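Spelled out, the chains give:
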Amino acid sequence: MLGVCPDVTTDRPSRISGFRVVLALVLLVNLILTIALITQVREIQQRVARLPADLATKRDVASLRPLQVRQIIQKNCVECHSARRLGVTVSMEPTEIRGTVERMQTHPGANIPERELERISASIMVVRCARCHDEGTLNLMVLKTQPERIATVRRMAALPGSGVRPDQVTAIAQAFEKLLSQ
Amino acid sequence: MNWRVRLTRWDLILLAITAVGVVLAVVRYAGGIGSVANINNAYPWGWWVGFGIMTMIALGGVGFTITLLVEILGRHRYHVLLRPAVLMGLLCYASAIVMLMVELGRPWKVWMILVSWAPSAALYEVGWCAFLYLNVLVLEFAQVPLEELGWGRALKVLRVIYIPIMLLGVTLSHLHQSSLGTLLTLIPHKINALWWSDQLPLIFLFSAMMAGPALAILEHLVAARWLGFPPNMDMLAGLARIEAWLVGLLLVFRIGDLVVRGAVDAALSGTSFAASFWVEIGFGLLLPLVLLMMPEVRESRAGLATACSLVVAGVLLHRLNVAVFGLRVRHWETYVPSLGEIGISLGIAAGAVFVFGVLVRILPIHEELPPTSSAPESRAAAPAAAAWHGARGVS
Amino acid sequence: MTTPSAKPKAMIQDNTRCIGCRACMIACKSWNNRPADHTEFFAGPGYQNPVDLDANNYTLITFNEIVTGAQPDWVFGRQLCMHCAHPACASACPTTALTKTALGPVVFNESRCIGCRACMQACPFLIPKYDYENLNPKIHKCTFCADRIETGLKPACATVCPTAAISFGDRDDMVAEAKRRIATAPGTYIPEIYGLDDVGGTSVLHLSSVPFEQIGYITGLPKTPMPDLTHRWLRVTPHFFALLYAVFGALTWIMHRRSSRAESKDKDHTT
């Protein structure tokens, strides 16, 4: 039987169309990629849906480590004289502020501890920023590095009407750093 | 039985490759694995396991696949493929075992598996099943030479036990083909997400079943050209349609598995893993599927040969990806198969092809069989065994 | 010496106390008769030498430069066999050459090893190593000094560590001790015990001051034993076998009844 049987494939098979192969292949790949894309989109949708409704802002993060300027001043100064008296400090030089607080120390009943001196002076130093900024904005300073803080204050000094002189920039920036180092 | 075989040019080339493999194997035994192979502590399994063992066993699935199709599902239209398929299965498994003897650190102790009790180890099950299955294949195939030699009594015994051992063989194949996959489910943290799956046993089993008909078709076409008989294109076209279904189902399974495991982003990333994955899927599943779905391809020799070669190559790529390439290791580790590794594995494969070539010329492996066997012994023993008879009855 | 307790043992590796002296590596090599090797300095991270565990080095100190605060600093880690409660290596070995003992160590019986290296693939901590250039090769890994602890001694590394970074005792005691250290010095330790319940629990508990992935440890491992992954497939093997055999047998029978009925029909028609 080997080699004796008539050839069963008498008619020539039709030509294989390369175009049809490529077309079918492209369609199939397309189908797979579409499925892949759909799964990816669904996954992203699920991930986004699982995000917390309230995302934390910079202020939320900064408020984790507040400067506590208000609390320091409230605790050490406002008891004896009203906060209005502090208004005069916005035009004081750093040495003047320090001198004033030291004088307050000598007053009987003031109870200003030695170690708090730096912090109180620093708090009073930054009060002048309240001319334009609120407490939350000031608190954003805790997220910056010291060089960034210096640059920020310098920028404020360049603004007209800020009340900050260029030669005061370093002292103000250092005041922020002192408030953070506690 | 024609013992005289004229060795052709191809035979001599195959023998030469085998000889190179033998020489390299001697070096391996004389100098240790490290003297010929690049496998290291980060990649304990390399080309030898990926190609020489895992792919060979997957391709050996042609034996159980065609047996399942012809003997169990009763599709006797394909009976002419049965003998070559069983012989190929036998030689593939024999090759895998020979490769194992080179690959193991202490091959002289391999019998330890047979005297151990380690049911929790996938390799234990693979070892036992492969050992039993090799015996089954030998018993199944032995009918052919025994028939030629006219050893009637032995032949009668083999025919009586044929159905039970044939069933055993097909069942064992299912077990160990899937267990090779089970073995790799143990390392999800090591295999890239593109290839690890908790369904690896099924993926391994289905890809072995897919490789079967492809290899059978290829063999029929090559043997037809080499031995000079006209290939039965109608039958091949029918088998190619079945193969198209198998490829399509495996493709759906693989992609579906990828989606379910949430590993699609790994496939869309720009890594070399993703590239290898797409090459494997594209050339091993997509392109063959497209080709096999077209009737003009199924009826053409070149078309079938191309499509089936791609399927076989895809299975090889898959095994290599899962067991070697897809491994995550420490960043300073690397592995590239050495020439020695490739040489030995090719030598074993060439040896198997050479033996196949010799056997098909001295035994009636490709003979056309009569539609039904009228030999009374055959029907008494088992109707299915009729498929194994040559045109002559029992002497 | 009092009779050693038969309860399972464990070891604490406290990386905050490790000074990177590598005495443990030397003691280990000495006890296990491993030869010295030629290594390449600076082949890996920093002063880590050798780069990885190998056939001659069963434990390794990892050198890691970690930036804590303003400056980088050395933080050391240690690689060694974790002697898991449910070892993946033992479950993968087809000849039971690796077994988990009651006292804790996962021991290697070299007479049973065929060199298939399945344990190397299976281990989630990448511990077992092979000596490929040997003609009679075998697997190499830390033995937990099983022979020493059976007689009540401590493992070689624990004995020789100068800073008591390595503690050894009953596992319950070691777990309690590790938890106590974290609780009493929270700033020193990160609140994680590596090996406590990773892959179902191990016999080596690591403590660290920085996250473990920064000091060369493999992290992200499941808390369930690795062998569970193969067990759920392998345990149905006998059922699978019986079912398939029955189904295939039934199919064969059905198909051949059909074809022999068709045959006899043909015969009736032709006669």
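Because the structure is predicted, anything quoted here is derived from the model rather than measured.

### Regarding the overall build of chain B
Along chain B, the regular secondary structure elements total 14 helices and zero strands. Its helices and strands taken in sequence order, chain B reads α-α-α-α-α-α-α-α-α-α-α-α-α-α from the N to the C terminus. Against the 2.2 N^0.38 benchmark of 21 Å for 395 residues, chain B shows a C-alpha radius of gyration of 21 Å, consistent with a compact globule. Here the C-alpha coordinates of chain B stretch approximately 65 × 50 × 45 Å along the principal axes. Considering only contacts in chain B between residues 6 or more positions apart, those separated by 24 or more positions represent 79%. Of the roughly 14,300 Å² of accessible surface on chain B, a fraction of 70% belongs to carbon and sulfur atoms. Computed over 25 positive and 21 negative side-chain charges, the inter-centroid distance for chain B is 5 Å.

### Some words on the pattern of salt bridges
All names here are of chain A. For the structure shown, the criterion picks out 26 salt bridges over all chains. The closest approach of N and O atoms between glutamate 93 and arginine 165, which form a salt bridge, is 3.1 Å. Placement of glutamate 93 in the loop between α3 (69-76) and α4 (94-106) and of arginine 165 in the loop between α7 (146-158) and α8 (169-181) is noted, with a sequence separation of 72 residues between them.

### A few points about the domain arrangement of chain C
When the domains of chain C are assigned, the result is domain 1 (9-87 + 122-226) and domain 2 (236-270). In this structure, domain 1 of chain C and domain 2 of chain C have C-alpha centres spaced 60 Å apart.

### Re the interface of chain C and chain B
Each partner contributes residues to the interface: chain C has 58 residues there, and chain B has 72 residues. When the two sides are added together, the surface that chain C and chain B hide from each other amounts to roughly 5,500 Å², 63% of it contributed by carbon and sulfur. Summed over the shared surface of chain C and chain B, the result is two salt bridges. Joining chain C to chain B, the criterion identifies 22 residue pairs in polar contact (both at pLDDT 80 or more). Within the residue set of the side of chain C that touches chain B, elements represented by two or more residues are α2 (88-92), α3 (118-122), β6 (129-130), α7 (227-234) and α8 (237-270) of chain C. Ranked by the residues each element gives to the side of chain C that touches chain B, the list is headed by α8 of chain C, at 13 residues.

### Observations concerning the sheet that holds strand β9 (residues 204-207) of chain C
Residue and element names in this part refer to chain C. Spatially, β8-β1-β9 is the arrangement adopted by the three strands of the open sheet, whose pairing is mixed. The open sheet terminates on both sides in strands that have one partner only, identified here as β8 (166-170) and β9. Across the sheet, the mean angle from the axis of one strand to that of its neighbour is 20 degrees, orientation sign disregarded. Of the pairings in the sheet, the one linking strand β1 (residues 9-14) to β9 comprises four bridges and is parallel in character. Counterpart to aspartate 14 in the pairing with β9 is leucine 207.

### A closer look at the interface of chain A and chain B
On the side of chain B, 25 residues touch chain A, which itself brings 23 residues to the contact. Roughly 2,100 Å² of surface becomes buried between chain A and chain B when both sides are summed, with 80% attributable to carbon and sulfur atoms. Salt-bridge contacts for arginine 20 of chain A lead to glutamate 296 of chain B; the nearest nitrogen and oxygen are separated by 3.0 Å. One can count one residue pair in polar contact (both at pLDDT 80 or more) joining chain A with chain B.

### Topic: the environment of isoleucine 165 of chain B
Residues and elements named next belong to chain B. In this structure, isoleucine 165 sits in helix α6 (residues 152-184). For isoleucine 165, a relative accessible area of 11% corresponds to the buried category. With 28 residues separating them in the primary sequence, isoleucine 165 and leucine 137 have C-alpha atoms 8.9 Å apart. Those residues in contact with isoleucine 165 that lie beyond four places of it in its chain are Val136, Leu139 and Glu140.

### Quick notes on a positive patch on the surface
Positive charge collects at one region of the surface, where Arg257, Arg258, Arg261 and Lys265 of chain C lie side by side. Look at arginine 257 of chain C and you get partly exposed, because its relative accessible area is 37%.

How each quantity is defined
In every chain, residue numbers begin from 1 and rise along the written sequence. Think of it this way: whatever chain is written first is A, whatever ligand is written first is 1, and the rest follow in order. The model is predicted, so local features are restricted to residues of pLDDT at least 70 and side-chain atom pairs to those at 80 or more, both for listing and for counting; the totals for chains, interfaces and linings are taken over all residues. Side-chain numbers come from the whole structure's heavy atoms, not from hydrogens or water. The numbering of helices and of strands both runs from the N terminus, where a helix is a DSSP run of H or I of at least 4 residues and a strand a run of E of at least 2. The reference for a compact globule is 2.2 Å times residues^0.38; the radius of gyration itself is calculated from the C-alpha atoms. Contact criterion: two residues are considered in contact whenever any of their non-hydrogen atoms come within 4.5 Å of each other. Note on areas: Shrake-Rupley, 1.4 Å probe, and residue coverage restricted to the protein chains presented here. Neither His nor the chain ends is counted toward charge; the positive residues are Lys and Arg and the negative residues Asp and Glu. Charge positions come from single atoms, namely NZ of Lys, CZ of Arg, CG of Asp or CD of Glu. Every case where a carboxyl oxygen of Asp or Glu lies within 4 Å of a side-chain nitrogen of Lys or Arg is listed as a salt bridge. For the domain bounds, the source is a domain assignment made automatically or taken from a database. Note on terms: buried area is the combined drop in 1.4 Å-probe accessible area of two parts once they are placed together, counting the loss on both. Each polar contact in these results corresponds to two N or O atoms within 3.5 Å; when the atoms are within protein, one needs to be able to donate a hydrogen and the other to accept it, and residues that are neighboring in sequence are counted only if both atoms are side-chain atoms. Pairs of strands are assigned from DSSP output, requiring at least two bridges between the strands. Simply put, an axis is a line fit to the C-alpha atoms, just over the touching stretch for a helix, and the angle between two N-to-C directions goes from 0 to 180 degrees. Burial classes follow relative accessibility: with a 1.4 Å probe on protein chains only, a residue under 20% of its type's maximum area counts as buried, one over 50% as exposed, and anything between as partly exposed. Residues enter patches when they are more than 30% accessible in relative terms and free of salt bridges; like-charged ones are connected within 9 Å and nonpolar ones (Val, Leu, Ile, Met, Phe, Trp, Tyr) within 5 Å.

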